[in-house]
Amino acid sequence: MRTLKKFLIMSVLLSGLVFLGGCHDAPAPSAKATNAPPALDPVRIVRGAEVFRQNCASCHGERAQGVFNWQKPGADGKYPPPPLDGSAHAWHHPFAQLKQTIQEGTLRLGGSMPAWKGKLSEADTEAVIVWFQSLWPEQIYAAWLDIDRRAHADGK
């Protein structure tokens with residue numbers, strides 16, 4: 001049911017974007033002030049889908065499905081891009097950590113993801129997270145919300 005609702009919302013929003021063409025809304029307010037994750041709001045989902053397609057899909061796949069055998073390191077010893085669609089470990093990380101990973105990349109951790117800070121705005125980074133979270137099954141998203149709440153309670 002949730003997937004059907006998302007599909008209908010996305011269809012309506014994408015139709016509106018085609019109609020509005022060159023119109024641009026101001027960026028969504030940042031979650032920085034409250035440190036709370038942004039809601040899975042349809043406008044952010046649409047924006048996040050576009051930003052993801054332009055910047056992330058070449059590595060993580062068009063539907064955030066990741067790379068085949070992402071759990072095994074390549075010849076360079078680095079792990080390939082994982083799925084972000086709820087089928088891998090991204091949902092185990094609180095919002096702040098997901099955002100930090102995108103902004104800082106994983107090069108200093110031995111990974112191959114570049115830092116996107118300075119290339120993606122904070123609002124676009126958050127929109128990308130909201131988009132790939134919208135792909136997560138309801139049970140995974142509910143479990144992530146609990147992880148994120150606990151991280152806030154622990155001051156992380």
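We now turn to the structure provided with this report. (Residues numbered from 1 in each chain as written. Predicted model: local features only at pLDDT ≥ 70, side-chain atom pairs only at ≥ 80, totals over all residues. Heavy atoms only, no water.)

Notes on the overall build of the chain
If you tally the helices and strands in the chain, you get 6 helices and 0 strands. What you see in the chain, going N to C, is helices and strands ordered as α-α-α-α-α-α. A buried classification covers 35% of the 156 residues belonging to the chain. Pairs at least 24 apart in sequence give 62% of the contacts found in the chain among residues at least 6 apart. Surface accessibility of the chain: about 9,600 Å² in total, with carbon and sulfur atoms responsible for 61%. (Helix = DSSP H or I, 4+ residues; strand = E, 2+ residues; numbered from the N terminus. Buried < 20%, exposed > 50% of the residue type's maximum accessible area, 1.4 Å probe, protein only. Contact = heavy atoms within 4.5 Å. Areas by Shrake-Rupley, 256 points an atom, 1.4 Å probe, with all protein chains shown as cover.)

Some words on helix H5 (residues 122–134)
With 13 residues, H5 extends 18 Å between its outermost C-alpha atoms, agreeing within 8% with the 18 Å of an ideal straight helix rising 1.5 Å per residue. Burial within H5 is extensive, with 12 of its 13 residues counted as buried. Among all positions in H5, only Ala 123, Asp 124, Thr 125, Glu 126, Ala 127, Val 128, Ile 129, Val 130, Trp 131, Phe 132, Gln 133 and Ser 134 are buried. (Expected span 1.5 Å × (residues − 1).)

Regarding the environment of Ala 90
When you line up the elements, Ala 90 lands in the loop between helix H3 (57–60) and helix H4 (95–104). Each C-alpha atom of the pair Ala 90 and Gln 133 lies 9.3 Å from the other, and the pair is 43 residues apart in sequence. If we skip the residues at most four places from it in the chain, Ala 90 touches Leu 84, Leu 98 and Trp 136.

Considerations on the environment of Tyr 141
Within the secondary structure, Tyr 141 sits in helix H6 (residues 138–153). Owing to a relative accessible area of 13%, Tyr 141 belongs among the buried residues under this scheme. Sequence spacing of Tyr 141 and Trp 91 is 50 residues, and the spatial spacing of their C-alpha atoms is 7.4 Å.

What to know about the nonpolar core
Among soluble globular proteins, nonpolar side chains are generally buried collectively. Ranked by internal contacts, the top residues of the largest apolar core, which has 25 residues, are Phe 52, Phe 132 and Trp 136. Only helix H2 (42–55), H4, H5 and H6 provide two or more residues apiece to this core. The element best represented in this core is H5, accounting for 5 residues. (Core = buried A, V, L, I, M, F, W, Y, C linked by side-chain atoms within 4.5 Å.)

Some words on the layout of surface pockets
The computed volume of the second largest pocket comes to approximately 770 Å³. In terms of lining, the second largest pocket is formed by 31 residues, of which the most central are His 60, Pro 82, Thr 101, Thr 106 and Met 113. Mapped onto the lining of the second largest pocket, the elements with two or more residues apiece are H3, H4 and H5. Looking at the lining of the second largest pocket element by element, the count peaks at 6 residues for H4. Of the residues that constitute the lining of the second largest pocket, the class distribution is 17 nonpolar, 12 polar and 2 charged. (1 Å grid on protein atoms, 1.4 Å probe; cavity = no way out; pocket = protein on both sides within 12 Å on 5 of 7 lines; lining within 4 Å. Points joined across faces, edges and corners; volume = space filled by probe spheres on them. Nonpolar A, V, L, I, M, F, W, Y, C, P; charged D, E, K, R; others polar.)

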